[in-house]
Amino acid sequence: MSNSTKKTESPETALYPIRTVSDLTNVNAITLRAWERRHGLLEPVRKASGHRLYTQAHIDLITRVVGLLDRGMRIGQIKAHLEAEKPEFKTSDQIVNATWKRYVDRMTAAVIQFNEEALEAVYGEALALYPIDTVTQKLLMPLLTELGRRWEKDQGSVAEEHFFGFYLRNKLGARFHHRVRAGKGPKLLLSCLPGDRHETGLLLFALTANAAGYQTILLGADMPLDDLPDVIRKTGSKAIILSGYLQPGTELLDQALPGLAKQSPVPVFLGGQASAQVHDMVKRAGVIMLGADLSSGIARLCDAVPVE
């Protein structure tokens, strides 16, 4: 990231139409309307025309509801369950959530102070108490969101992002290097979009994909798309996974991504915040959206490119 790099719209303030939300969450529009009208689970923003618009917070809530349904909870029970998670009820789930929030707050403070020792202490404490996948979902992903929010509001600095990015890349790189290599599933080719140097989400997705049985080939940040079809042919990869945090530019959306989707012999996926910001344009180009949530993104990948 450079000082001149700015996103045209923050993920936290962006508004998405129901078709985009439906595609990102795999919940059809009829069901989303029923969750709003019959069960009171959603309160979308309404335009003067009456059209529904949704925020990233709505998308996160829908993902949460899907998770509860997958665990066997009935739809009629979910609103009461979510209400019970609010601070005033102090349920066991709320206490756990408060614990993770304290971890996020402590690591955020360590980043602001450029204190690697404090970062290491909090990260090590969390890993000593919880499985690594839980730490990724409950600590690292919310922490990245919080740091991104600070940058969007001009509360953080480029130096903070570089400091934490270097720290976390080292940690994730070590995990990636020492990962179990027994997976014999399809190979995935992963890279960031051109001009995007936010590799952390890509590394996290790669580690999650490895755990799901995929083999991964990482090309890293700021990757020219024209080179990818040749790498696919040489490696026998079965899919291209692109990651984007910054909103892609017009040339990339109008030419490079559609060109890659047409030229590639395998499916092309896009994950990260950018997959919601430019959903409609990229989907028309033939690129499959993965969203910003690791679990739902991997589930969508498994549907399209199964692990045998």
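Whatever comes next refers back to the structure up there.
The numbers attached to residues start from 1 for each chain and follow its sequence in the written order. Where local features are concerned, this predicted model is filtered to residues with pLDDT of at least 70; where side-chain atom pairs are given and counted, the filter is 80 or more; whole-chain, interface and lining totals use all residues. Note: side-chain values were computed over all heavy atoms of the structure, leaving out hydrogens and water.

Enquirer: Hey, could you go over the pairing of strand β4 (residues 187–192) for me, with residue numbers and the actual values?
Expert: Burial status follows relative accessibility: with a 1.4 Å probe on protein chains alone, a residue under 20% of its type maximum counts as buried, one over 50% as exposed, and anything between as partly exposed. Where helices and strands are cited, they refer to DSSP runs of H or I of at least four residues and of E of at least two residues respectively, numbered from the N terminus. In terms of burial, β4 is a largely internal element, five of the six residues being buried. Pairing between strands is defined by DSSP: at least two bridges between the two strands are required. Relative to strand β6 (residues 239–243), β4 runs parallel, the two sharing five bridges. Counterpart to L188 in the pairing with β6 is A239.

Enquirer: Lay out the environment of Q215 with the relevant residues and their values.
Expert: Considering the arrangement of structural elements, one finds Q215 in strand β5 (residues 215–220). The partly exposed category is assigned to Q215, whose relative accessible area is 28%. Sequence spacing of Q215 and L189 is 26 residues, and the spatial spacing of their C-alpha atoms is 8.9 Å.

Enquirer: Give a description of the nonpolar core that names residues and reports values.
Expert: In this structure, L139, F164, F205, I241 and L301 are the most contacted members of the largest nonpolar core, which totals 41 residues. Looking at this core, the elements with two or more residues in it are α5 (92–112), α6 (116–129), α7 (132–152), α8 (158–177), β4, α9 (200–211), β6 and α14 (294–304). In this description, contact between two residues means that some pair of their heavy atoms is separated by no more than 4.5 Å. Once you skip the residues sitting within four places of it in the chain, I241 turns out to touch L188, L189, L190, S191, L202, F205, F269, L290 and L301. Definition used in this section: a nonpolar core is a set of buried Ala, Val, Leu, Ile, Met, Phe, Trp, Tyr and Cys residues joined via side-chain atoms within 4.5 Å. Ranked by size, the runner-up nonpolar core spans 39 residues in total, among them I18, L41, Y54 and I59.

Everything listed here is a matter of coordinates, which is why it stays silent on function.
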